Amino acid sequence: MRLPLIRAVAAAVSAAVALTACSLTSEPFTPSENGAMPPGREALTRFYEQKLVWSDCEGGQCSDLEVPLDYATPDGETIRIAVFRAPARKAGSRRGSLVVNPGGPGASGVDYARAADYIVTPQIRNVYDVVGFDPRGVARSAPIDCVSDRGLDRFLGQDPTPDDTAEQREFAATSKAFATECGRTAGPLLGHVSTREAAQDMDVLRAALGDDQLTYLGKSYGTFLGATYAEEFPEQAGRLVLDGAVAPDLTSEQFAIGQGQGFDRATRQWAADCADSGECPWNGDADNVVAGLQTLLTRLDETPLPLSDGRPDLTEGWASLGVAQAMYDQGMWAALTQALRDVQNGDGAALMDLADQYAERNADGTYSGNIMEAIYAVNCLDSAESASLDHYRKMEPAVTKAAPIWGEFMVWGSMVCGFWPEKATGKAGPIAAKGAAPILVVGTTRDPATPYEWAQRLAGQLDQATLLTYDGDGHTAYMRSNNCVNDAVDRYWLEGTLPADGTRC
């Protein structure tokens, strides 16, 4: 499967805050004057001129935004977008709103903004309202719910690396069943959760917040959302920071190769750390550790490990998600090493814990979010995929050659979109965002989920962009790496000053 482009640290912070819904009070805060509406959107006037009614909720203020289900028919059905605001600490120095998105697609921007103290520096926190929204189809904003919790358990636990014709056919049947059920349960919304539509929602939000231009932090998939916004609304695009960049013109095979190589690099870095730790379940150097991990996954494919706490058996699918979770942040490497030691000793609980974190799955079998369903709903509208087994069979050799550890895992996951009941409304292609203000793109050299080459690629496509490089491990850089990155990003938001081209931290 395509691994969600979500920042694991953000997910951990979000888990620490309550997931309670926002409730409106009878005494709203005084709204700001609305920001300018782009020309040619007069049919949307009532949406652009709406006033957000804010109420106190945990960690800040909550509201909701009304937007059309289908922007082509603005007089038709509407949906509500959940919005959260952490007001600037120094109200007298307030500069406007900083809208944030943590990735996914399918991650909650409300939960992310609720952790504002951890996702931006104190300097930014003092002068910007940090605003997050749950994109359409996500979390509190008309969430897509494709299958039951147990059905999602089975889907995520399936064999992600089908080895022969029978297993490949079974994988295709499972993918088709998931897509069919999603079409049956999600209703008309399923055709209207594309990234382009989320970008249109974000412009309505910008206006409702009272800002003439959008100031933005997009992490991971949030960089694709931000780049799409700049392409659609160049005059309204202000100081955009795109961290952990997705290149929008990647083919399915290029995406699988790039993400596979990114996770391969991260896995080898972890393996070297494991080998040096004295705690590794396999002796020898990093190559031996990688071989041991692959042997373990093969064994779990053949014989899943039962868990004693009532959770699903630890299959190759679940184990792979647990390993992947630790690749997003090197702070999890020690936990992964211990979890794999436990598996070697017959205890899969700790590795399943990591997989649960990845999938937003609670110990009782419920899911706290819908990222593992929304990711398909969004991706399948953004780009068409094939339902043909031959397509994936032909792709597999090139991907596995480029990424021997994770390549096979990456090949098959997009097949769900081949059976998607809604036709794709987007397609892969470069984004230039001509006419937009300069955009700051941030890339991490050993980023597993969004490899550094994608940041280079996006920065090269954008009409005006500067690439800031962090030489390090983990997914994304701002507020999880060092002050060099943090200071450069802050200067852009505060002063409009971009770092020198080629700056490395």
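Residues numbered from 1 in each chain as written. Predicted model: local features only at pLDDT ≥ 70, side-chain atom pairs only at ≥ 80, totals over all residues. Heavy atoms only, no water.

A. Highlighting the confidence of the model for the protein chain. A residue-level look at the protein chain finds 93% of positions with pLDDT of 70 or above and a mean pLDDT of 92. With pLDDT under 50 throughout, residues 4-31 is counted as low confidence; its partners more than four residues away or in other chains account for 81 contacts. (pLDDT = per-residue confidence, 0-100. Contact = heavy atoms within 4.5 Å.)

B. Region of interest: helix H11 (residues 286-302). If you check H11, its first and last C-alpha atoms are 25 Å apart, about what 17 residues at 1.5 Å a residue would give, namely 24 Å. Along H11, the residues classified as buried are Val289, Val290, Gly292, Leu293, Leu296, Leu297 and Leu300. What you see down the axis of H11 is that its buried residues fit within an arc of 160°, all on one side. In H11, the exposed positions angled more than 90 degrees off the buried face are occupied by Asp287, Thr295 and Glu302. Capping of H11 at its N-terminal end is provided by Asp285; its side-chain oxygen lies 3.2 Å from the backbone amide nitrogen of Asp287. (Helix = DSSP H or I, 4+ residues; strand = E, 2+ residues; numbered from the N terminus. Expected span 1.5 Å × (residues − 1). Buried < 20%, exposed > 50% of the residue type's maximum accessible area, 1.4 Å probe, protein only. Arc of directions from axis to C-beta. Polar contact = N/O pair within 3.5 Å; in protein donor to acceptor, adjacent residues only side chain to side chain.)

C. Region of interest: the pattern of salt bridges. Per the stated rule, a full pass over the model turns up 25 salt bridges. Arg94 is the partner of Asp129 in a salt bridge, and the nearest nitrogen-oxygen pair spans 2.6 Å. With Asp129 in strand S7 (residues 128-133) and Arg94 in the loop between strand S4 (78-86) and strand S5 (96-101), this pair connects stretches of sequence that are 35 residues apart. Residue Arg457 pairs with Asp249 through a salt bridge whose shortest N-O separation is 3.1 Å. Of this pair, Arg457 sits in helix H18 (residues 452-461) while Asp249 sits in the loop between strand S9 (237-243) and helix H10 (252-277), and the two are 208 residues apart along the sequence. What makes Arg457 partly exposed here is its relative accessible area of 31%. (Salt bridge = Lys/Arg side-chain N within 4 Å of Asp/Glu carboxyl O.)

D. Fine view of unusual backbone geometry. The step from Gly104 to Pro105 runs through a cis peptide bond, and the omega angle for that step is -5°. Locating Pro105 in the fold gives a position in the loop between strand S6 (103-104) and helix H3 (109-114). The backbone of Ser220 shows a phi angle near 60°, a positive value even though the residue is not glycine. With respect to the element layout, Ser220 can be found in the loop between strand S8 (214-219) and helix H9 (221-232). Not every positive phi belongs to a glycine, and Glu360 is a case in point at roughly 55°. The residue Glu360 is located in the loop between helix H14 (349-359) and helix H15 (371-382) in this model.

E. Just the packing of aromatic side chains, in detail. One pass over the full model with this rule turns up 13 aromatic pairs. When the ring of Phe255 is compared with that of Trp454, the centres are 4.9 Å apart and the planes differ by 45°; the resulting orientation is tilted. Placement of Phe255 in helix H10 and of Trp454 in helix H18 is noted, with a sequence separation of 199 residues between them. Using a relative accessible area of 9% as the deciding quantity, one classes Phe255 as buried. Given the relative accessible area of 3%, Trp454 is considered buried. (Phe/Tyr/Trp six-rings, centres within 6.5 Å; stacked < 30°, edge-to-face > 60°.)

F. Summary view of the packing of H11 against helix H12 (residues 316-327). The contact between H11 and H12 brings their axes to 8 Å, and the two run at 145°. In contact with Leu293, Leu297, Leu300 and Asp301 of H11, H12 contributes Glu316, Ala319, Ser320 and Val323. Here the residues of the contact of H11 with H12 sort into 5 nonpolar, 1 polar and 2 charged. (Axes fitted to C-alpha atoms, helices over the stretch in contact; angles between N-to-C directions. Nonpolar A, V, L, I, M, F, W, Y, C, P; charged D, E, K, R; others polar.)

G. Structural view of the environment of Cys280. The residue Cys280 is located in the loop between H10 and H11 in this model. Considered as a pair, Cys280 and Thr337 are 57 residues apart in the sequence and their alpha carbons are 6.1 Å apart. Residues contacting Cys280, with those up to four places away along its chain left out, are Cys274, Ala275, Val289, Thr337 and Arg341.

H. Expanded view of the pairing of S5. Within S5, 6 of the 6 residues are buried, leaving the element largely enclosed by the surrounding structure. Here S5 runs beside S7; their pairing, made up of 5 bridges, is parallel. Within S7, the position partnered with Gly96 by the bridge is Tyr128. Relative to S8, S5 runs parallel, the two sharing 4 bridges. Directly across from Val99, in S8, lies its bridge partner Tyr216. (Pairing = 2+ DSSP bridges.)

I. Region of interest: the sheet that holds strand S11 (residues 465-473). With respect to topology, 9 strands assemble into an open sheet ordered S2-S3-S4-S7-S5-S8-S9-S10-S11, the strand pairing being mixed. The sheet is open, and its two borders are formed by strand S2 (55-57) and S11, each paired with just one other strand. Averaged over neighbouring strand pairs, the angle between their axes works out to 25° when direction is ignored. For strand S3 (residues 60-68) and S4, the ladder comprises 8 bridges, and the chain directions are antiparallel. Bridging from a neighbouring strand, Leu65 pairs with Ile81 of S4.

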